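# Structure assessment
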Amino acid sequence: MSFVTLLMAASCPLAQEPEPAPSIIIMEQPRDGHPFSLPVDPDLYLIRPGDELQITFVQSQLQPMKLMVDPEGRIVDKTLGAYDLAFKTLTQARDILGAALAELYNIPGITIGMVSSRSVSINVTGAVVNPGTFDVFTSQRVSDVIEMAGGITSEGSRRGIIFNGGPNPVAVDLDRAIFLGDNKMDPEVYAGQVINVPNRSKNTVQVVGEVRHPREIELMPGDDLALLLSLAGGVRRSGDRSS
């Protein structure tokens, strides 16, 4: 009989709740950096100079409007007026512009959305081979920018990355993104400005034996047995989950 063995490299609480582990899922990345692979989260999308917003009047004969954010972060329109949207989220921009548009045109059905992805500068700091600033599309992911910075060093964390500069810091866990297909753990860079890769935690576990990808895994708060097995690619059919 074959077994799966977990070897703890440092003390860390581990909840023992064995469950069937899913097969490895590799996340698909945008090929050309332009299209968004998932719907934009308006609560995270950061409005920056150069963004273009499209206003659509639903059930109306009015033609759509396109509004460009100027270098100072403002929307300036001779009819609508001037509004400061610098580093506000898309949700906040909708609230600001939606109220003004509804009053101006007396139309209840108004939608406000992004026209397309565009190039922005993202700073990468911490445990990467070549820290620096990189020009990428807002539709690209944190992992894409880290790869442009030469990748994570041997001392760097894959699971404790923080994406800053937006409305709230965004946690990045590349292991969960790759092995579980959890796209939220490898967000698109429209949500911030600075990627920080800290040193890897000393709390690790070796998952060896009848798993698809035997490996050392950095432990994070809340990890349980089922998750760790999934992050090792899942148990092979020949493996014994009871051990």
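Residues numbered from 1 in each chain as written. Predicted model: local features only at pLDDT ≥ 70, side-chain atom pairs only at ≥ 80, totals over all residues. Heavy atoms only, no water.

For residues with low pLDDT, the predicted coordinates do not support detailed interpretation. Mean pLDDT over the chain stands at 84; residues scoring 70 or higher make up 84%. Averaged pLDDT values for the elements of the chain fall to 56 in strand β1 (residues 4-8) and rise to 98 in strand β11 (residues 194-197). pLDDT under 50 marks residues 10-33. Its contacts with residues more than four places away, or in other chains, come to 61 contacts. (pLDDT = per-residue confidence, 0-100. Helix = DSSP H or I, 4+ residues; strand = E, 2+ residues; numbered from the N terminus. Contact = heavy atoms within 4.5 Å.)

Next up on the list: the pattern of salt bridges. Here the structure, examined in full by the defined rule, presents eight salt bridges. Notably, a salt bridge pairs D173 with R159, separated by 3.0 Å at the nearest N-O pair. Within this pair, whereas D173 is found in the loop between β10 (170-172) and α3 (174-180), its partner R159 is found in the loop between α2 (142-148) and β9 (161-164), the two being separated by 14 residues in sequence. For D173, a relative accessible area of 4% translates into the label buried. Taking the relative accessible area as the measure of exposure, R159 reaches 4% and is therefore buried. Of the charged contacts in the structure, one is a salt bridge between D223 and R159, with a shortest N-O distance of 2.8 Å. (Salt bridge = Lys/Arg side-chain N within 4 Å of Asp/Glu carboxyl O. Buried < 20%, exposed > 50% of the residue type's maximum accessible area, 1.4 Å probe, protein only.)

A few words now on the sheet that holds strand β6 (residues 110-114). The strand order β3-β2-β6 describes an open sheet built from three strands, whose pairing is antiparallel. Of all strands in the sheet, those bounded by a partner on one side alone are β3 (65-68) and β6. Neighbour-to-neighbour, the strand axes of this sheet turn through a mean angle of 25°, independent of strand direction. Here strand β2 (residues 52-57) runs beside β3; their pairing, made up of four bridges, is antiparallel. Opposite I55, over in β3, you have M65 as the bridge partner. Contacting β2, β3 and β6, helix α1 (residues 90-105) runs over the sheet at an angle of about 145° to β6. (Pairing = 2+ DSSP bridges. Axes fitted to C-alpha atoms, helices over the stretch in contact; angles between N-to-C directions.)

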